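The primary structure of each chain is shown beneath.
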Amino acid sequence: MNQTNHTRKAINEELKKLYKKWPEIKRFLKTLGCDADSAEDIFQEALLIFSRKLQTPDFELTVDGFYYVRNTCKLLWYNQARKAQKHGTSSLEFEVEALEDDWFEKEMKLRTIESALEKLGKQCQELLQLFYGKNWSMDAIAKKIGLRNDKVAKVQKYRCLQKAKILVGQEESLVQTMKA
Amino acid sequence: MEANWNQLIERYVMNELSAEGKQAFEDELAKNSQLQTELELHQMIHEGAKRAAQRSEIQQIAKRYKIKKTITTAGIVILLTGVLAAAILWLNGVEKITTTDTVKTPMNISPAVFEKMEAQLAFDHIEPVYFEFSGKDSAFISPSGVLLSVTDESFLLNGKRYTDKAILQWQEAQDAIDIVKAGLETKSGNDLLETQGMFSLLAFTPKGEKLEMTQKAGVYVQVPVAETKKGMQLFDGKKRPDGRIDWVNPTPLEKIPVPVAMSQLNFYPAGYEPKLDELKWFKSKKKRDSLYVSFEAEEDFQDSTSNEKIVQMVPEPVSETKPKINNFPLTSTTIVASGKPSIENGKLLYEAKCATCHTLNRDASGPNLFKVREKWSKGSKQPNAIYRWVVDWQRAATTDPYASEVSHLKSMAMNAFPELKGKYQLIDAIFDYIDGVPPSPVKKATAHIPPSKELAIWQPKFNNTLLATKDFEKRLMKAHELCSEKIFNVYVQNLNQPLWKSDEEVVKMGYASFQSFADERVGGIQLSNPHMNNLRHFYESAKNRIKAAGKSAFLKEDNRRKKWDAAMNRSRNAEVDRTAKREMKNFQEEYAFNLKNVAKQLGNTIGFSIHGGGGPKNIDAYVYDATKARTSTIITDPNTGKTAKITYLPFTAGVKEATSFGKLYAYVFSKQLHSYERITAKNGFFDYNLNGDMRYDIAIIGINEKGTFMTELRDLNTGNFATLSLDAVSENEFEKRIQELNQSRITKPMQVKDELKWLFKEQQNFVEQKRRTNDLQFRNTIRPTVFPCLKNKNVLADTIQF
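Residues numbered from 1 in each chain as written. Chains lettered and ligands numbered in written order. Predicted model: local features only at pLDDT ≥ 70, side-chain atom pairs only at ≥ 80, totals over all residues. Heavy atoms only, no water.

Peer 1: Explain the overall build of chain A to me, please; I cannot follow it from the model alone.
Peer 2: When its secondary structure is counted, chain A shows ten helices and zero strands. Overall, chain A shows an N-to-C arrangement of helices and strands of α-α-α-α-α-α-α-α-α-α. Across the 180 residues of chain A, 44% fall into the buried class. When contacts within chain A are restricted to residue pairs at least 6 apart in sequence, those whose partners lie at least 24 apart make up 64%. Here chain A displays about 10,500 Å² of accessible surface, and carbon together with sulfur accounts for 50% of that area. (Helix = DSSP H or I, 4+ residues; strand = E, 2+ residues; numbered from the N terminus. Buried < 20%, exposed > 50% of the residue type's maximum accessible area, 1.4 Å probe, protein only. Contact = heavy atoms within 4.5 Å. Areas by Shrake-Rupley, 256 points an atom, 1.4 Å probe, with all protein chains shown as cover.)

Listed below in structure tokens is the structure:
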């Protein structure tokens, strides 16, 4: 299965199939020392990373999707464990792996942005997600959220973006990388 | 600064800047590192929001996965329990439970009571299961998955309602092993049964007294079966003296109706959609719904238009011949030459000549003709007034005041029937036929299911009710065939009762064909009372709203047509005036021209007296006559012997495919006169003498619903053109060419602007009339599918007035 069709529908199907492997992944993570709750978050994050990777134009899957996801879970777990421990006593091997994967790093950065966005109000979150994520029209969004019309929604979008910027600015790690 | 950048960056990223703006931004970006970081931040937020959206999609997948898992697990658990129970049974063999066996003993029951209950077990060798019923509404699931729903109205003790705690004793034998073990038979009398399970439920008070189940509520038992087989019934078990159980008294099980989304159902009468598909009409449901409702509006309108506005019937200008009406395929009728024509003849004549505008027993474009002869013999002083009217109403209106009154009744002009002149017997036959068809009693209410009501329930709001089921759809189809609104009402007004009950009500109303539906024994879908009320309100307001919408749409179109016709009438009135004036002016000018011509030739004309046949005449008179008749004449001055000649030369022209044009005119532009002449073609042929001393340009024009057509003949004063082809021209082109012809002659020619305006309006009228005819034919085709039971298929026909 080297070349997957990258249509949204196909990706969704792929994800559904992969989710069935969740018990396996859970066990795998458990052996690495991960608890059940974190395991689920990690698994979903890995799926997210994988599905987004599938959407990039020149991505070719060289291994089975499952292995990609499992590997990603491993990386995520180690990142998390490292942070929790605060003293970096993780083996070099994994660090190298993590660093080599640009995509992974970028995704991690975005992850931080995501958590910043989570601090926005529910309406802002929904608006931004619908507009940038699902590409809804301003009209449709206005209707869904309960704003009067698309112009009002557009103004709201600007405001949300302002707020978001402030929140992201407060995320330390990000500021670091940005300055770099 | 930052705030401004924010907007600008967003617009740049969303590609909303102009080319210059974009360039300016990028220039700034190249040298401004702060802007760069801002832009990066902006883009990351975009991406972050997108990612968050994608994350929620994954969470959806997670949710779905979990639900599936829960169901499967639950299923497995139940299965395991069942297996376990079976295993235990097997392991324990068939020994009776002893009181020391704590596994099976229900709590708080004294051993004595327990033994009493055990003694009453219905099936031997089947392990019972005990449930403790608290007295309040509860549900229990048996090991094999049978659901028992018990309420405080389920039991009686000694005939009185029992609402305290109770012990339920349940036995089930579902597979062959159990059935055989229990010594149960699968026979009803001598017939072998195919069983999906045998059950026994007994209830006891904590003291061990046996309870009875109530008749009304009882206990609801829902059995999961591997497959729903048709014809499965519920049998009572009767214990025979030898201890065996006989299965008797089968009652059909209620079939559970399956809810279907309203959008999946089709409530139209059977032939409606196929007919529309055949005619390749719009497929959108909205359009088909509004067409459907329009028939209802039309029906209601029919009955209310007995008093139309009093308008003057405007006939076509007298100078033109009435064109033949070609649109409806009228069967040619042989007019009976001798003997008294029969009613059958009258019918044929009526259908050929009258039915387009008159409807039997109805006021339509033409008034109701029932017993019209009596009306006229009372109303008019003149003998045979009605017959004269039929032959030529215009003439009748000028000589008979009653006829004149009648001519004010309708705005549409009636046709004339010169072929019936003198044939009063035929006209009588027509009226005999009409009088022979008695007015039918207005049974409209039961003739069909009102579309507005039907559409009111054909809504998503009624999903998950009895109406949103295939079962109801079937019944509605049948109700359409029977055209019964009453049947429709039974179902719609009894949403909360089982379908079979409504079926039986319909059967009681006299529709035996619904018995087969009642036999299906389809159950109901329970709705809560607030929900029911909600639906009821919705239904009432929805059907009224839909009906009103249909009516207003109908009235709107009707008004538009009336306005159009009124405008046409005005245009025609003006045209009649104009033509009269023009013709008079033309004549005067040509007469003056001829006079001058003669004068030139003779040298002196005025006051001359010449003897010809019939009395002293004046040259003027000769010239007058010649001009009027448009014939050549030679006038001799006896004194001088000089002659003057007035010449008229023939001009004839035929037009190719003349019948395709509703109007065919020749505009004759004389270079020597101010005004033009308009000649109407007779049978597609022009025959008009031209003045030999003038030069003419002639434009032959034809109009029909497709457009305007013309051809030109330049600079002639005679000619014979066997067949001229008319070319299609645009309105603009047409106007241009006519103006050109008009201008290129004498200075200050008469204006053609109004004439052209009138012509174009007439052309548009052709289009309008064609559209009306098509619409009428379309509706006549569809109407039988909407109202399959309507006897009177002869419906409203708009006049074909050209």
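Peer 1: Is there a simple way to think about the packing of aromatic side chains in this case?
Peer 2: Remark: the centre distance and the inter-plane angle together describe each pair of aromatic rings, the angle taken between the planes. Residues and elements named next belong to chain B. In total, this model carries 38 aromatic pairs over all chains according to the counting rule given. A ring pair is formed by F669 and Y676, whose centres lie 5.9 Å apart and whose planes are at 45 degrees; its orientation type is tilted. For the residue pair F669 and Y676, the accessibility class agrees, reading buried in each case. Linked through ring pairs, F267, Y268, Y272, Y292, W458, F472, Y491, F514 and F517 together constitute an aromatic cluster. Stacked on the ring of W458, the Lys or Arg K285 has its end atom at 3.6 Å from the ring centre. Across from the ring centre of Y539, 5.9 Å away, lies the NZ or CZ of K543, which sits over that ring. (Phe/Tyr/Trp six-rings, centres within 6.5 Å; stacked < 30°, edge-to-face > 60°. Lys NZ or Arg CZ within 6 Å of the ring centre and 35° of its normal.)

Peer 1: Can you walk me through the side chain of E473 of chain B in this structure?
Peer 2: Residue and element names in this part refer to chain B. For E473, the position within the fold is in helix α16 (residues 470-481). The exposure class of E473 is buried, given its relative accessible area of 11%. Contacts of E473, omitting those with residues within four sequence positions, involve L265, N266 and F267.

Peer 1: I tried to follow the sheet that holds strand β24 (residues 696-704) of chain B on my own but got confused; where do I start?
Peer 2: Backbone hydrogen bonds hold the strands of a sheet together, and the pairing may be parallel or antiparallel. Residues and elements named next belong to chain B. Taken together, five strands build an open sheet; the order of strands is β21-β20-β24-β25-β27 and the sheet is antiparallel. Of all strands in the sheet, those with a lone pairing partner are β21 (677-680) and β27 (727-729), marking the two edges. Direction aside, the axes of adjacent strands within the sheet are offset by 30 degrees on average. Across eight bridges, β24 lies against strand β25 (residues 707-716) in antiparallel orientation. Considered in β25, the bridge of I701 is made with M710. Contacts between helix α22 (residues 731-743) and the sheet are confined to β20 (663-670), β24, β25 and β27, with β25 contributing the most and set at about 20 degrees to the helix. (Pairing = 2+ DSSP bridges. Axes fitted to C-alpha atoms, helices over the stretch in contact; angles between N-to-C directions.)

Peer 1: Looking at this structure, I do not really get helix α18 (residues 499-508) of chain B. What am I missing?
Peer 2: An α-helical turn contains 3.6 residues, so any two residues separated by three or four positions project in the same direction. All names here are of chain B. Taken together, the buried positions of α18 are L499, W500, S502, D503 and V506. All buried residues of α18 project into a common sector of 155 degrees when viewed along the axis, lining one side. On its buried face, α18 sits against α16, α17 (485-492) and α19 (515-520). (Arc of directions from axis to C-beta.)

Peer 1: Sorry if this is basic, but what is going on with the packing of helix α7 (residues 122-133) of chain A against helix α8 (residues 138-145) of chain A here?
Peer 2: The axes of two packed helices give the description: the angle between them and the distance between them. Residues and elements named next belong to chain A. In the contact formed by α7 and α8, the axes pass within 10 Å of each other and the chain directions differ by 150 degrees. The orientation of α7 with respect to α8, classified from their angle, is roughly antiparallel. Note that α7 runs across α8; the crossing there is right-handed. Contacts between α7 and α8 involve Q123, E126, L127, L130 and F131 from the first element and M138, I141, K144 and I145 from the second. Its residues placed into classes, the contact of α7 with α8 shows six nonpolar, one polar and two charged. (Parallel < 35°, antiparallel > 145°, perpendicular 65-115°, else oblique. Left-handed = near helix turned anticlockwise from the far one by under 90°. Nonpolar A, V, L, I, M, F, W, Y, C, P; charged D, E, K, R; others polar.)

Peer 1: Looking at this model, I keep getting lost on the sheet that holds strand β3 (residues 147-150) of chain B. Mind explaining?
Peer 2: All names here are of chain B. Reading across the sheet, the three strands line up as β2-β3-β11 and stay open at both edges, with antiparallel pairing between neighbours. The open sheet is flanked by β2 (138-141) and β11 (220-222), the only strands paired with a single partner. Looking at each pair of strands side by side, their axes are set apart by 15 degrees on average, direction ignored. Pairing of β2 with β3 involves four bridges; the strand directions are antiparallel. The residue bridging S138 from the neighbouring strand is V150, located in β3.

Peer 1: Even after reading the chapter, I still don't get helix α9 (residues 372-379) of chain B, so can you show me in this structure?
Peer 2: Residue and element names in this part refer to chain B. Where α9 is concerned, the buried positions are V372, R373 and W376. On an axial view of α9, the arc spanned by its buried residues comes to 100 degrees, and they lie on one face. Along α9, exposed side chains directed more than 90 degrees from the buried face belong to S377 and K378. Close packing links the buried residues of α9 with α10 (385-391), α12 (401-406) and α13 (424-436).

Peer 1: Looking at this structure, I do not really get the interface of chain B and chain A. What am I missing?
Peer 2: A common way to state how big an interface is: give the accessible area lost once the parts meet. Each partner contributes residues to the interface: chain B has 34 residues there, and chain A has 39 residues. For the pairing of chain B and chain A, the buried interface totals around 3,600 Å² over both sides, and the portion due to carbon and sulfur atoms is 61%. Remark: the boundary between chain B and chain A carries ten salt bridges. E10 of chain B is the partner of K157 of chain A in a salt bridge, and the nearest nitrogen-oxygen pair spans 2.6 Å. If you list the elements that add at least two residues to the side of chain B that touches chain A, you get α1 (2-13) and α3 (33-92) of chain B. Looking at the side of chain B that touches chain A, the element that brings in the most residues is α3 of chain B, giving 26 residues. Taken together, the residues of the side of chain B that touches chain A break down into 13 nonpolar, nine polar and twelve charged. (Buried area = accessible area lost by both parts, 1.4 Å probe. Salt bridge = Lys/Arg side-chain N within 4 Å of Asp/Glu carboxyl O.)

Peer 1: How should the environment of L84 of chain B be read in this particular structure?
Peer 2: Here L84 of chain B shows up in helix α3. Separated by 59 residues in sequence, L84 of chain B and P143 of chain B have C-alpha atoms that sit 9.4 Å apart.

Peer 1: I tried to follow the pattern of salt bridges on my own but got confused; where do I start?
Peer 2: When charged atoms on two side chains of opposite charge get close, those side chains can pair. Tallied over the full model, the rule gives 54 salt bridges over all chains. Close ionic contact of D428 of chain B with R373 of chain B constitutes a salt bridge, the shortest N to O distance being 2.6 Å. In this pair, D428 of chain B is assigned in helix α13 and R373 of chain B in helix α9, connecting sequence segments 55 residues apart. Salt bridges sharing common partners tie together E45, R52, E107, R111 and E114 of chain A together with E47, R51 and R55 of chain B.

Peer 1: Before we go on, may I ask you to explain the pairing of strand β19 (residues 651-655) of chain B in this structure?
Peer 2: Along any regular strand the residues' side chains alternate between the sheet's two faces. All names here are of chain B. The buried count for β19 comes to five of five residues, which makes it a mostly enclosed element. Of the two faces of β19, the one holding F651, A653 and V655 and the one holding T652 and G654 are both buried throughout. Sheet topology note: the β19/strand β26 (residues 719-724) ladder contains four bridges and is parallel. Residue F651 lies in a different strand from β26, and its bridge partner there is G719. When β19 meets strand β22 (residues 685-687), the two strands line up antiparallel, connected through three bridges. The partner of G654 across the bridge, within β22, is F685.

Peer 1: Is there a simple way to explain the confidence of the model for chain A in this structure?
Peer 2: All names here are of chain A. Looking at chain A, pLDDT values average 78 and 80% of them are 70 or higher. The secondary structure element of chain A with the lowest average pLDDT is helix α5 (residues 92-100), at 47, and the one with the highest is α7, at 88. Scored below 50 in pLDDT, residues 1-5 shows ten contacts in the model against residues more than four places distant or in partner chains. Here residues 88-99 is a poorly scored stretch, pLDDT under 50, and it has eleven contacts once near neighbours within four places are set aside; other chains count. (pLDDT = per-residue confidence, 0-100.)

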